[in-house]
Protein chains: 2
Amino acid sequence: MGPGKADLLDAIESSGSISAAARNMGMSYKRAWDLVDTMNRCFRQPLVSTATGGSHGGGAQVTEFGHQVLRRYRALVAKAEQSVATELQELVEMLAPGAPKG
Amino acid sequence: MGPGKADLLDAIESSGSISAAARNMGMSYKRAWDLVDTMNRCFRQPLVSTATGGSHGGGAQVTEFGHQVLRRYRALVAKAEQSVATELQELVEMLAPGAPKG
């Protein structure tokens, strides 16, 4: 799990399909599908379930397990960032004025 | 700053040149140079200094400022990881047995 995969799960959740999620993220369908496939294979249970066929050519949903992983990942990142807020600010102050802070 | 840029600074430090560092990291020279250029422009002072000419076609050094940034970045990451060690372990346990943990 990482920021890109977490954002992809959010995008699948809100759009209901991998292709729409890929489009919304400016990512190729193949890339999105590969990321979903990697996540589904690397975790104990699938994070995304897909349905084939239907009028929209199938669709995709984040599973309950996927929601759990996403929630835990987001909480972990928030806690980690919080724990180093001062150090992060000190590093940001070493950046040139006007430099992107991302 | 991120893991890739931090590792590149380490590789420049130990090899004394951007081209050797790129080679050691399996990265193109152009990619390494672009990353160095981005770092040098984004921070208040250069993180890497380069010398042109000479028998090795110049060389590169991590500046004192670069060492400071690198030290602070590594300390920040270590503290952040430490702060979420339990949560990280819980996420790792949601991975399939045998899945890469990176």
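Structure: above.
Note that the structure is predicted; figures quoted are calculated from it, not measured.

Pairing between side chains of opposite charge can happen when the charged atoms of each approach one another. Residue and element names in this part refer to chain B. Scanning the entire structure with this criterion turns up 12 salt bridges over all chains. Residue Arg74 pairs with Asp7 through a salt bridge whose shortest N-O separation is 3.0 Å. Of this pair, Arg74 sits in helix 4 (residues 64-83) while Asp7 sits in helix 1 (residues 3-15), and the two are 67 residues apart along the sequence.

Residue and element names in this part refer to chain A. Across the interface, helix 1 (residues 3-15) lies against helix 4 (residues 64-83) with an axial gap of 11 Å and an inter-helix angle of 135°. In terms of orientation, helix 1 lies oblique with respect to helix 4. The hand of the helix 1/helix 4 crossing is left-handed. Every residue of helix 4 that contacts helix 1 at Pro3, Ala6, Asp7, Leu9, Asp10 and Glu13 is listed here: Gly66, His67, Leu70, Tyr73 and Arg74. Its residues assigned to classes, the contact of helix 1 with helix 4 comprises five nonpolar, two polar and four charged.

Another point: the interface of chain A and chain B. Contact residues are listed per partner, giving 25 residues for chain A and 25 residues for chain B. Both sides of the chain A and chain B interface together cover about 2300 Å² of buried area, and 70% of this is carbon and sulfur. Looking only at chain A, the three residues that lose the most surface to chain B are A:Leu76, A:Leu91 and A:Met94, adding up to 28% of its buried area. Where chain A packs against chain B, one counts four salt bridges.

Calculation notes
- Residues numbered from 1 in each chain as written.
- Chains lettered and ligands numbered in written order.
- Predicted model: local features only at pLDDT ≥ 70, side-chain atom pairs only at ≥ 80, totals over all residues.
- Heavy atoms only, no water.
- Salt bridge = Lys/Arg side-chain N within 4 Å of Asp/Glu carboxyl O.
- Helix = DSSP H or I, 4+ residues; strand = E, 2+ residues; numbered from the N terminus.
- Axes fitted to C-alpha atoms, helices over the stretch in contact; angles between N-to-C directions.
- Parallel < 35°, antiparallel > 145°, perpendicular 65-115°, else oblique.
- Left-handed = near helix turned anticlockwise from the far one by under 90°.
- Contact = heavy atoms within 4.5 Å.
- Nonpolar A, V, L, I, M, F, W, Y, C, P; charged D, E, K, R; others polar.
- Buried area = accessible area lost by both parts, 1.4 Å probe.

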